[in-house]
Each structure stands twice: as C-alpha cells, then as structure tokens.
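The residues making up each chain are set out below.
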Amino acid sequence: EQDYNQAFIWYQKAARQDVPSSYNGLGNCYQYGHGVEQDYKEAAKWYQKAAAHHDLAGTNNLGLCYYYGRGVPQSYTEAAAQYRQAARGGNAIAQANLANCYFKGEGVEKNRYEAIVWYRRAAEAGIVSAQYSLGYCYYQGHGVDQDFDEAVKWYTKAAGQRLGNEQSRHLL
C-alpha cells in the first residue's frame, strides 16, 4: 500500500541532506499533491534542482512544466530544450516528448524526419505512445515512406503491451 505522506517525509529528509535523487521525487509529490498540497511552482522548483543535477526524469518533468505552463511560464521552446537534454541522456519518455515537438513544430522547427528518429528510439525502448506514433507515421507516410507492414508492426507492439494503446487495437 502506498503511503504518500511517508514518501513525502522521506524525500524531504533526503533533500535536506542534498541527495539529488530526492529532488525529482519531491517535485512529483508537489506536482500531484502526494503527501502535500498540490503546488506547481514548488514542483517546478524541485524539477529545476533535479535537472541541475543531471537527473533525466527531473529534466523531462521540468520540460512538462514548461510545456503546460505549470509553475513556470508556458514555453514550448524551453520544454523542447529540456526534453532534448533528457532525451540525449537516454530518457525514453523525453525522447517521445521531443518527437512530439518535432512532429507538431512546437518549440522547434517542424521536422517529421527528426520526429521519426526520436519516436523510433522511444518506441524501441517500449514507450507505447511512441510505438503508436511511429505506426501512425508509417501508415500516413509522415517523415518516412508509407509502409503498411511497418505500421502494423508498430501498432501491434503498442496494442500488445499490458497498458497497450486502445487506438492501436482498434486499427488492427
């Protein structure tokens, strides 16, 4: 059974001892109101501290704060910059987020070819949304030659995961 109050207390203790891995955890507590009242500004502060210590999940989460304007001024450009930093470090969720930025042209120049590069990395790491998006790109011919076999391959991977993509199941 999860005890968010206890988790928050332990993250605080660790943060007071400058344990960098606790910063993202505290950010999550504030972001989602786990063990503490929800406070987006406080969440962003802890994510910034995590990012400053090269915590890839914290860096991605800071990107999400900028993307949605939660606790910081909304900025697709800053969101993409944070995603890029975490994605280059190997954070698969950040890779999917950066791919979305390139696909839509949010914070970066729209570039479907670059989107494919990042979707593929995230998809190969098992990120369901990236598997679906890569399948969609193959199905529509966005950034790649249209290839229905590849589309089915990626839709099938997305649909087959435990928390699989319902849209993928529907398309199959």
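Caption draft 1: Up close: the nonpolar core. If you look at the biggest cluster of nonpolar residues, it comprises 49 residues, and the most contacted ones within it are Y119, A130 and L134. Excluding anything up to four places from it in sequence, L134 contacts I116, Y119, R120, A123 and W154.

Caption draft 2: Structural view of the environment of E78. For E78, the location among the structural elements is in helix α5 (residues 76-88). Of the residues examined, E78 reaches a relative accessible area of 28% and is grouped as partly exposed. Between the C-alpha atom of E78 and that of L64, which follows or precedes it by 14 residues, the distance is 9.6 Å. A polar side-chain atom of E78 sits 2.7 Å from a polar atom in the side chain of Q82.

Caption draft 3: Looking closely at the pattern of salt bridges. Applying the stated rule across the entire model yields two salt bridges. Note that E150 and K153 form a salt bridge whose closest N and O atoms lie 3.7 Å from each other. Within this pair, E150 and its partner K153 are both found in helix α9 (residues 148-160), separated by three residues, close to a single helical turn. Relative accessible area serves as the criterion here: at 37%, K153 is assigned to the partly exposed category.

Caption draft 4: Summary view of helix α3 (residues 40-52). Given a rise of 1.5 Å per residue, 13 residues ought to cover 18 Å, and the 18 Å separating the end C-alpha atoms of α3 matches this to within 8%. What α3 keeps buried is the set E42, A43, A44, W46, Y47, A50 and A51. Here the buried face of α3 lies against α1 (4-16), α2 (21-32), α4 (56-68) and α5. Downstream of α3 by one or two residues, H54 has phi in the positive range, about 65°.

Conventions used here
Position numbers for residues start from 1 in each chain and track the written sequence from start to end. Side-chain atom pairs in this predicted model are given and counted only at pLDDT of 80 or more, local residue features only at pLDDT of at least 70, and totals for whole chains, interfaces and linings cover all residues. Excluded from the side-chain calculation are hydrogens and water; included are all heavy atoms of the structure. Take the buried Ala, Val, Leu, Ile, Met, Phe, Trp, Tyr and Cys residues and link them wherever side-chain atoms come within 4.5 Å; each set so joined is a nonpolar core. Buried, partly exposed and exposed residues are distinguished by accessible area as a fraction of the type maximum, computed with a 1.4 Å probe on protein chains only: under 20%, between the cut-offs, and over 50%, respectively. Note on contacts: a residue pair qualifies if any of its non-hydrogen atoms lie within 4.5 Å across the two residues. In this description a helix means any DSSP run of H or I spanning at least four residues, a strand means any run of E spanning at least two, and both kinds are numbered starting from the N terminus. Counting of polar contacts relies on pairs of N or O atoms within 3.5 Å, with two restrictions inside protein: one atom must be capable of donating a hydrogen and the other of accepting it, and residues adjacent in sequence are counted only when both atoms are side-chain atoms. Note on definitions: salt bridges are taken to be side-chain nitrogens of Lys or Arg within 4 Å of carboxyl oxygens of Asp or Glu. To estimate how far a helix should reach, multiply one less than its number of residues by 1.5 Å.

Taken by themselves, the reported measurements are silent on function.
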